[in-house]
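Summary of the model geometry
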Amino acid sequence: MGMTATEKILARASGRAAVRAGETVYPDPDLVIVDDGSRDSSFAVLTRWAVKDARIKVLKNERNEGMNASRNRAIEAATRDDNLIVIIPQKNPAVRDPGQKDLHEIGVRDGSNLSIDGYDFAPTFSIWTTIEECLNPPLIWERERGWFTTEPFSEPEVFHFPEGIGPVECVNVEHEEVVLIPQKVDARKVNFKYGLGAEFINVLKTIHMLGMDRKENVNVMGIEVAPRDILAASLPDPATLGDRMKGKTCAGTYVEGLDKDGKPRAVYLYHVVDNEWSMQEYGDQAVVWQTALNPIIAMELIHEGVWKPEGVNGPEWFPPKPFLDKLVEYGAPWRIREEDASEVQP
């Protein structure tokens, strides 16, 4: 059955002792669902249902195995004879860019070579946001597993950023792209790694070790205050550091897989902002300007009727080209760099 019918059954089943499927009523069933090699967001939807209801077990076939094989796999996974088994045949095509045949990995890679005169440690972004993103368990998506978390600063790698920024150590962090991308783009793996650098990582680890990242109040000489607020008050306001800041910041996405001809390909689509340029043109430091630009462009596209959101949508819900064209109009063009695809398997 298709996703619409399946979701109706799951909606009826959630929180209920008995479930009706067709003319049959199943008392207190377990639900074993086999995603038979779908290429859309079906598995992500099913995984969210499984998180809500412990009776739901989701299996994923790497490729379409057919009704009988999927049913047999579900039976083997069932724990009782009265389980309800739902099969989802592959119906929908993959949600991919026409230039890609099979996306193996979508990895957001952000980094910079920014330095700030006069400070040994001064985050270029809010320390509250920095702590939330870097010290919370990072989220990763894999087609076989769905979403899962890992340890902060996991899977370190050195990524070579373009336009003179150079090599920076990147680690997994928590970011919303990992939640949004798999819902609209089919890929084997999605993650987000931020180029913090070894020194910055050590500072954050020390902050955590000392408990200075805590939000719960402590009593300091009769005054209730959160350690994180003390930390934020002790650091300079990132928005005021532009005149002392030097270097560039880069936000981009590394994509590898097979192109439309079935050949291995890897690219890095990126957007670089030079702090000297952003200060001269707009009076804002590079990280602040680059961050603020995205919602401004989104609001323009919505106002112009190019993007037409319904409810709460992420940027992945909309065609990307109008957004990329707007970046060029603002004087900060995006670029694509070809990467080494020698290790990309067919």
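Structure report, in brief. This structure is a prediction, so every number in the text was calculated from the model and none was measured.

1. Describing the overall build of the protein
From N to C terminus, the protein includes 10 helices and 18 strands. Within the protein, the fraction of its 346 residues that count as buried is 44%. In the protein, of all internal contacts separated by at least 6 residues, the share reaching a separation of at least 24 is 68%. Accessible area of the protein: about 18,200 Å², with a carbon and sulfur share of 52%.

2. Structural notes on the pattern of salt bridges
Where charged atoms from two side chains of opposite charge approach closely, those side chains can pair. Counted according to the given criterion, the structure contains 17 salt bridges. For glutamate 105, the salt bridge goes to arginine 109, with nearest N and O atoms at 3.4 Å. In terms of burial, glutamate 105 and arginine 109 fall into one category: buried. Glutamate 155 is paired through a salt bridge with lysine 193; the nearest N and O atoms lie 3.9 Å apart. With a gap of 38 residues between them, glutamate 155 in the loop between strand E9 (146-149) and strand E10 (157-161) and lysine 193 in strand E12 (residues 189-195) connect regions that are remote in the sequence. One salt-bridge network, in which partners are shared between bridges, spans Glu105, Arg109, Glu155, Glu157, Lys189 and Lys193.

3. Some words on helix H7 (residues 227-234)
An α-helical turn contains 3.6 residues, so a residue and the one three or four places further along point in the same direction. The complete set of buried residues in H7 reads Pro227, Arg228 and Leu231. Mapping the buried residues of H7 onto a view down its axis gives an arc of 100°, with all of them on the same face. On its buried side, H7 packs onto helix H4 (127-135), helix H6 (198-209), strand E13 (218-220) and strand E14 (223-225).

4. Side note on the side chain of asparagine 191
With respect to the secondary-structure elements, asparagine 191 resides in strand E12. By relative accessible area, which is 1% here, asparagine 191 ends up buried. Within the local environment of asparagine 191, its side chain forms a polar contact with the side chain of arginine 109, the two groups lying 3.1 Å apart.

5. Looking at the packing of aromatic side chains
Counted according to the given criterion, the structure contains 11 aromatic pairs. Aromatic pair tryptophan 277 and tryptophan 289: ring centres 5.1 Å apart, planes at 85°, arrangement edge-to-face. With tryptophan 277 in helix H8 (residues 275-282) and tryptophan 289 in helix H9 (residues 286-303), the pair connects residues that are 12 residues apart, well separated along the chain. With relative accessibility at 6%, the residue tryptophan 289 sits in the buried group. Residues tryptophan 307 and phenylalanine 318 carry aromatic rings whose centres are separated by 4.8 Å and whose planes lie at 15° to one another, so their mutual orientation is stacked. Of the two residues, tryptophan 307 sits in the loop between H9 and helix H10 (321-329) while phenylalanine 318 sits in the loop between H9 and H10, which places them 11 residues apart along the sequence.

6. Focus on the nonpolar core
Among soluble globular proteins, nonpolar side chains are generally buried collectively. Core analysis: the biggest nonpolar cluster contains 30 residues, and Trp141, Phe153, Leu196 and Leu204 have the highest contact counts within it. Going through the elements one at a time, helix H2 (42-52), strand E6 (100-112), H4, strand E8 (139-142), helix H5 (177-184), E12 and H6 are the ones with two or more residues in this core. Among residues more than four places away in sequence, those in contact with leucine 204 are Thr130, Cys134, Leu135, Phe153 and Leu196.

7. Things to note about the pairing of strand E11 (residues 166-172)
With five of seven residues buried, E11 is to be regarded as a mostly interior element. Pairing of E10 with E11 involves five bridges; the strand directions are antiparallel. Residue pairing for E11: phenylalanine 161 is matched across the bridge by glycine 166. From the end of E10 to the start of E11, which pair antiparallel, there are four residues, and glutamate 163 there has a positive phi angle of about 55°. The pairing of E11 with E12 spans three bridges and is classified as antiparallel. Residue pairing for E12: valine 171 is matched across the bridge by tyrosine 194.

8. A word on unusual backbone geometry
The residue glutamate 155 is not glycine, and still its phi comes out positive at about 50°. Notably, glutamate 163 is not glycine yet its phi reads approximately 55°, a positive angle. Turning to its location among the elements, glutamate 163 is positioned in the loop between E10 and E11.

9. A look at the environment of proline 236
Tracing the backbone through its elements, the reader meets proline 236 in the loop between H7 and strand E15 (245-246). Apart from residues no more than four positions distant in its own chain, proline 236 is found in contact with Tyr119, Ala122 and Leu241.

10. A few points about the side chain of asparagine 172
By the element assignment, asparagine 172 lies in strand E11. The exposure class assigned to asparagine 172 is buried, which follows from its relative accessible area of 0%. Among the polar contacts made by the side chain of asparagine 172, one reaches the side chain of serine 154 at a distance of 3.0 Å. Only 3.2 Å separates the side chain of asparagine 172 from the side chain of glutamate 155, close enough to count as a polar contact. Setting aside residues no more than four positions away along its own chain, asparagine 172 makes contact with Pro138, Ile140, Thr150, Phe153, Ser154, Glu155, Asn191, Phe192 and Lys193.

Quick notes on the rules
- Residues numbered from 1 in each chain as written.
- Predicted model: local features only at pLDDT ≥ 70, side-chain atom pairs only at ≥ 80, totals over all residues.
- Heavy atoms only, no water.
- Helix = DSSP H or I, 4+ residues; strand = E, 2+ residues; numbered from the N terminus.
- Buried < 20%, exposed > 50% of the residue type's maximum accessible area, 1.4 Å probe, protein only.
- Contact = heavy atoms within 4.5 Å.
- Areas by Shrake-Rupley, 256 points an atom, 1.4 Å probe, with all protein chains shown as cover.
- Salt bridge = Lys/Arg side-chain N within 4 Å of Asp/Glu carboxyl O.
- Arc of directions from axis to C-beta.
- Polar contact = N/O pair within 3.5 Å; in protein donor to acceptor, adjacent residues only side chain to side chain.
- Phe/Tyr/Trp six-rings, centres within 6.5 Å; stacked < 30°, edge-to-face > 60°.
- Core = buried A, V, L, I, M, F, W, Y, C linked by side-chain atoms within 4.5 Å.
- Pairing = 2+ DSSP bridges.

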